[in-house]
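Listed here are the chains, written in short residue letters.
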Amino acid sequence: VYRSSAAACTRYATTTGISTSTIIYDIEDDGGLLWAGAHEALYRSTNDGASWSTIPGLSRVMTIHRFGDRLLFGTEHLGIRSTTDGGVTWEDFDDGLPTGIVQELATLEGTLFCALWSGGIYRLVGETWVPTAITSGFHQVLQPVGPALVTQSALGEEILYTLDEGASWSTFDEGYFGGEIYEMAVSGGHGFTNGASNAS
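Cut-off values and rules
- Within any chain, residue numbers begin from 1 and follow the written order of that chain's sequence.
- Note on the predicted model: pLDDT of at least 70 is required for a residue's local features to be given, and 80 or more for side-chain atom pairs to be given and counted; whole-chain, interface and lining totals, by contrast, use all residues.
- Heavy atoms from the whole structure form the basis of all side-chain values; hydrogens and water molecules are not counted.
- Here a strand is any run of E in DSSP of at least two residues, a helix any run of H or I of at least four, and the numbering for each starts at the N terminus.
- Contacts between residues were defined by any pair of non-hydrogen atoms, one from each residue, lying within 4.5 Å.
- When DSSP locates at least two bridges between a pair of strands, those strands are taken to pair.
- A pair of Phe, Tyr and Trp rings is counted when the ring centres sit within 6.5 Å of each other, with Trp represented by its six-membered ring. The angle between the planes then sorts it: under 30 degrees is stacked, over 60 is edge-to-face, the rest tilted.
- Exposed residues in this analysis have more than 50% of their type's maximum accessible area, buried residues have under 20%, and partly exposed residues fall in between, with area computed by a 1.4 Å probe over protein chains only.

> Teacher, can you tell me more about the environment of S59 here?
On the secondary structure map, S59 appears in the loop between strand 6 (53-55) and strand 7 (61-67). In this structure, the C-alpha to C-alpha distance between S59 and Y43, residues 16 residues apart in sequence, is 9.2 Å. The residues contacting S59, other than those within four sequence positions of it, are A38, H39, E40, A41, T75 and H77.

Structure (structure tokens):
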């Protein structure tokens, strides 16, 4: 893990307590606590990344997401784990989800969605996950863009979006070169993606 100082235009490692050979899947700043989801562990920092401690019992954390009073951790093999007290106590939060890798969590206008690797896309209704119209495929990105929720299947060439909480999905490919998308973001009214392009 690296931290950069814009004022000094420098960066330096903040890996004290983190294995230098690990794979970091997600980093989240949550009200003064910094979390890093990694392959072999979940890490937490209380000092802006100067040092890290390991949270027992959690590993292969693919995505970290704040939803109301819950901080959610989507994992490769343990479903979704939830904490409301900074990681002191934990509970399962995956009622209704099939077995699969929880790749991404996203909130659109108060509704929580989950993308599963090999399981499609689900939305939370009350305390239970229910399927959207996408019930299969390898989805690893979910991005709210205005009133729409955008995704892409890693094995497909289409960018998909929904305007009705997943009841139906439409295709948007204008200007898209194709290839697998690893991450999406929105800034200044523009959407951005990165991944492996098929452009020649």
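> I would appreciate a short explanation of the pairing of strand 3 (residues 24-30) in the present structure.
Both faces of the sheet carry side chains from a regular strand, because those side chains alternate between them. Sheet analysis places strand 3 next to strand 4 (residues 33-38), joined by six bridges and oriented antiparallel. Across the sheet, residue I27 finds its bridge partner in strand 4, namely A36. In this structure, the hairpin formed by strand 3 and strand 4 is closed by a connection of two residues, where G31 is found at a positive phi of approximately 60°.

> Even after reading the chapter, I still don't get the packing of aromatic side chains, so can you show me in this structure?
What describes a pair of aromatic rings is the distance from one ring centre to the other and the angle between the planes of the rings. One pass over the full model with this rule turns up four aromatic pairs. Centre to centre, the rings of F73 and W90 are 5.1 Å apart; their planes meet at 65°, and the pair counts as edge-to-face. In this pair, F73 sits in strand 8 (residues 70-75) while W90 sits in the loop between strand 9 (80-83) and strand 10 (91-92), placing the two residues 17 residues apart along the sequence. Look at F73 and you get buried, because its relative accessible area is 0%. Classification of W90 by relative accessible area gives partly exposed; the value is 22%. Geometrically, the ring pair formed by F93 and W129 is edge-to-face, given 6.4 Å between the ring centres and 80° between the ring planes. Of this pair, F93 sits in the loop between strand 10 and strand 11 (101-108) while W129 sits in strand 14 (residues 128-131), and the two are 36 residues apart along the sequence.

That's the geometry; what it means functionally is another story.
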